[in-house]
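Read off the chains here:
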Amino acid sequence: MQHTVDGQPLSVRLQNVQNRIRTAEILYGRIAGSVQLLAISKTVPVPLIREIAAYGQRRFGESYVQEALPKITDLHDLRLEWHFVGPLQSNKTRAVANHFDWVHSVSTAKVARRLHEQRPAGLPPLNICLQVNISHEASKSGADAADLLALAQLVTGLEHLKLRGLMAIPEPDADPIGQRERFRAVHDLYQMLQAAGFALDTLSMGMSGDLEAAIAEGSTLVRIGTALFGERS
Ligand SMILES: *Cc1c(COP(=O)(O)O)cnc(C)c1O
């Protein structure tokens, strides 16, 4: 069944987002295909996820463990890649370690250690992005820049985790110059970690309203909800 969102077929909305990514890659001199699309499916019902998966979208992000688990189970036959992007409390780490492939929101040593201890031995290492809190954050979560190096060192030493990069959620800014300044600050930290010897390949930044600014500043993965699935109620 084909769904429409705000009068547009889901297939067209996906194409529009893919076109925005491609256009920004060209405009800002990024390698074609170097920016991945993570479809943020929080609050989105399973039939819409199934439809967009049928168009080739494989990576999905969820923010709430309780909501995500039944959806992941329901969609198990599709072998999708699941990313946890929401705030992560210690009491939810086991479910995340068991059911997700990636976590973008690791910002404390305690959560990192628990994810490592609780990752089932039969599964590949859990891919980790450290969430960093530059100033002007929409959420209060995220590690201080000053704590990143120690956190990266810790995660690298835990064999059931694989450090992939950084994630940030700057507060919305209507001004593209302000957006770019915030993303540039995150990219600087990413390069600082690379210069310190960490082999990172993922800079998770950019959402529906600011993906172009994020791609201009080096994002390798944009997290898109509204532009695909419409406003959340
Ligand atoms: C909801 C959410 C998004 C998607 O935001 P949109 O503005 O709807 O594209 C991206 N990242 C995180 C961490 C989110 O919680």
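Some thoughts on the environment of Q131
Part 1 of the reasoning: For Q131, the location among the structural elements is in strand 7 (residues 126-131).
Part 2 of the reasoning: Each C-alpha atom of the pair Q131 and R58 lies 23 Å from the other, and the pair is 73 residues apart in sequence.

Some points on helix 1 (residues 10-27)
An α-helical turn contains 3.6 residues, so any two residues separated by three or four positions project in the same direction.
Part 1 of the reasoning: Over its 18 residues, helix 1 extends 26 Å from the first C-alpha to the last, a length consistent with the 26 Å expected when each residue adds 1.5 Å.
Part 2 of the reasoning: All of the buried residues along helix 1 are L10, R13, L14, V17, I21, A24 and E25. For helix 1, the angular spread of buried residues about the axis comes to 120°, placing them on one side. Away from its buried face, by an angle of more than 90 degrees, helix 1 presents the exposed residues I26 and L27.

Overview of unusual backbone geometry
Part 1 of the reasoning: The backbone phi angle of D6 is positive, close to 50°, even though this residue is not glycine.
Part 2 of the reasoning: You can see D6 is positioned in the loop between strand 1 (4-5) and strand 2 (8-9).
Part 3 of the reasoning: The backbone of T43 sits at a positive phi, close to 65°, despite the residue not being glycine.
Part 4 of the reasoning: Mapped onto the elements of the fold, T43 is located in the loop between strand 3 (36-40) and helix 2 (46-54).
Part 5 of the reasoning: Accessibility expressed as a relative area gives 45% for T43, which makes it partly exposed.

Quick word on the side chain of H116
Part 1 of the reasoning: Examined against the element boundaries, H116 turns out to sit in helix 5 (residues 109-118).
Part 2 of the reasoning: H116 has contacts with L158, E159, H160 and L161, leaving out every residue within four places of it along the chain.

Thoughts on the site of the ligand
Part 1 of the reasoning: Every residue close to the ligand is listed here: I40, K42, S63, V85, I169, M207, S208, R223, I224, G225, T226 and R232.
Part 2 of the reasoning: K42 is positioned with one of its side-chain polar atoms (N or O) 2.6 Å from an oxygen atom of the ligand.
Part 3 of the reasoning: Measuring from an oxygen atom of the ligand, one finds a side-chain N or O atom of S63 at 3.4 Å.
Part 4 of the reasoning: Within the complex, 87% of the 390 Å² of free accessible area of the ligand lies under protein.

Topic: helix 3 (residues 65-74)
Part 1 of the reasoning: Among the residues of helix 3, those classed as buried are V65, A68, K71 and I72. Buried residues in helix 3, looked at end-on, bunch into an arc of 130°, giving them a common side. Structural note: helix 3 exposes Q66 and T73 on the side pointing more than 90 degrees away from its buried face.
Part 2 of the reasoning: Looking at the buried residues of helix 3, the elements they touch are helix 2, strand 4 (59-62), strand 5 (81-84) and helix 4 (93-99).

So, the pattern of salt bridges
Part 1 of the reasoning: Going through the model one piece at a time under the given rule, you end up with 12 salt bridges.
Part 2 of the reasoning: Two residues, E25 and R22, come together in a salt bridge whose shortest N-O distance is 3.6 Å. Taken together, the residues E25 and R22, both in helix 1 and 3 residues apart, mark about one turn of the helix.
Part 3 of the reasoning: When its relative accessible area of 39% is taken as the criterion, R22 is described as partly exposed.
Part 4 of the reasoning: Between D173 and R182 there is a salt bridge, and its shortest N-O distance comes to 3.4 Å.
Part 5 of the reasoning: Within this structure, E62, E67 and K71 form a network of salt bridges that share partners.

Rules used in this analysis
Residues numbered from 1 in each chain as written. Predicted model: local features only at pLDDT ≥ 70, side-chain atom pairs only at ≥ 80, totals over all residues. Heavy atoms only, no water. Helix = DSSP H or I, 4+ residues; strand = E, 2+ residues; numbered from the N terminus. Expected span 1.5 Å × (residues − 1). Buried < 20%, exposed > 50% of the residue type's maximum accessible area, 1.4 Å probe, protein only. Arc of directions from axis to C-beta. Contact = heavy atoms within 4.5 Å. Near = heavy atom within 4 Å. Polar contact = N/O pair within 3.5 Å; in protein donor to acceptor, adjacent residues only side chain to side chain. Areas by Shrake-Rupley, 256 points an atom, 1.4 Å probe, with all protein chains shown as cover. Salt bridge = Lys/Arg side-chain N within 4 Å of Asp/Glu carboxyl O.

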